[in-house]
Amino acid sequence: MDDAAPGPIYRADPPGGLVLAPLDAFTAVYHRRSGMTHLLTEPAPQILAILGDAGLSLDALLDRLAEDYDLADATASALAARLDELVAAGLVATS
């Protein structure tokens with residue numbers, strides 16, 4: 001039996017909480033709740049799109065990203081770092 005604590009579940013705002021506008025290499029993300037606009041580059045917009053408000057674990061998110069994108073060099077630690085940035089920006093919450 002595995003006694004390891006499960007990792008956090010990551011969630012983005014519910015539909016309509018974020019407004020995304022592609023701008024060449026960047027994506028402008030307006031966060032309605034805070035009134036702030038963020039400029040993001042890949043893979044952050046894709047992470048937000050997949051997460052949605054239902055939420056996913058780190059491993060489940062990595063699997064979903066691998067299904068939709070070519071992630072030849074993706075690692076859980078690299079994804080965790082991106083998620084930490086999105087949490088710090090207030091665009092993703094954990095539970």
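Definitions and limits used
Residues numbered from 1 in each chain as written. Predicted model: local features only at pLDDT ≥ 70, side-chain atom pairs only at ≥ 80, totals over all residues. Heavy atoms only, no water. Core = buried A, V, L, I, M, F, W, Y, C linked by side-chain atoms within 4.5 Å. Buried < 20%, exposed > 50% of the residue type's maximum accessible area, 1.4 Å probe, protein only. Helix = DSSP H or I, 4+ residues; strand = E, 2+ residues; numbered from the N terminus. 1 Å grid on protein atoms, 1.4 Å probe; cavity = no way out; pocket = protein on both sides within 12 Å on 5 of 7 lines; lining within 4 Å. Points joined across faces, edges and corners; volume = space filled by probe spheres on them. Nonpolar A, V, L, I, M, F, W, Y, C, P; charged D, E, K, R; others polar. Patch = residues over 30% accessible without salt bridge, like charges linked within 9 Å, V, L, I, M, F, W, Y side chains within 5 Å. Areas by Shrake-Rupley, 256 points an atom, 1.4 Å probe, with all protein chains shown as cover. Salt bridge = Lys/Arg side-chain N within 4 Å of Asp/Glu carboxyl O. Lys, Arg positive; Asp, Glu negative; His and termini not counted. Charge placed at Lys NZ, Arg CZ, Asp CG, Glu CD.

Visitor: An account of the nonpolar core is needed here, citing residue identities and associated values.
Guide: Judged by nonpolar contacts, the single largest core of 21 residues is most densely connected at I47, L48, L51, L61, L79, L83 and L86. Of all the secondary-structure elements, those providing two or more residues to this core are β1 (9-12), α1 (44-51), α2 (58-68) and α3 (76-88). The element contributing the most residues to this core is α1, with five residues.

Visitor: Describe the layout of surface pockets, listing the residues and the values that go with them.
Guide: Of the voids in this model, the largest pocket is the one considered here, and its volume is about 180 Å³. Lining the largest pocket are 13 residues, with P43, L71, A74, A78 and L79 positioned closest to its centre. Across the lining of the largest pocket, the residue classes tally to nine nonpolar, one polar and three charged.

Visitor: Which residues make up a negative patch on the surface, and what are the values?
Guide: Among the surface-exposed residues, D59, D63, E67 and D68 lie close enough to one another that they form a single negatively charged patch. Counting through the fold element by element, D59 comes out in helix α2. The exposure class assigned to D59 is exposed, which follows from its relative accessible area of 53%.

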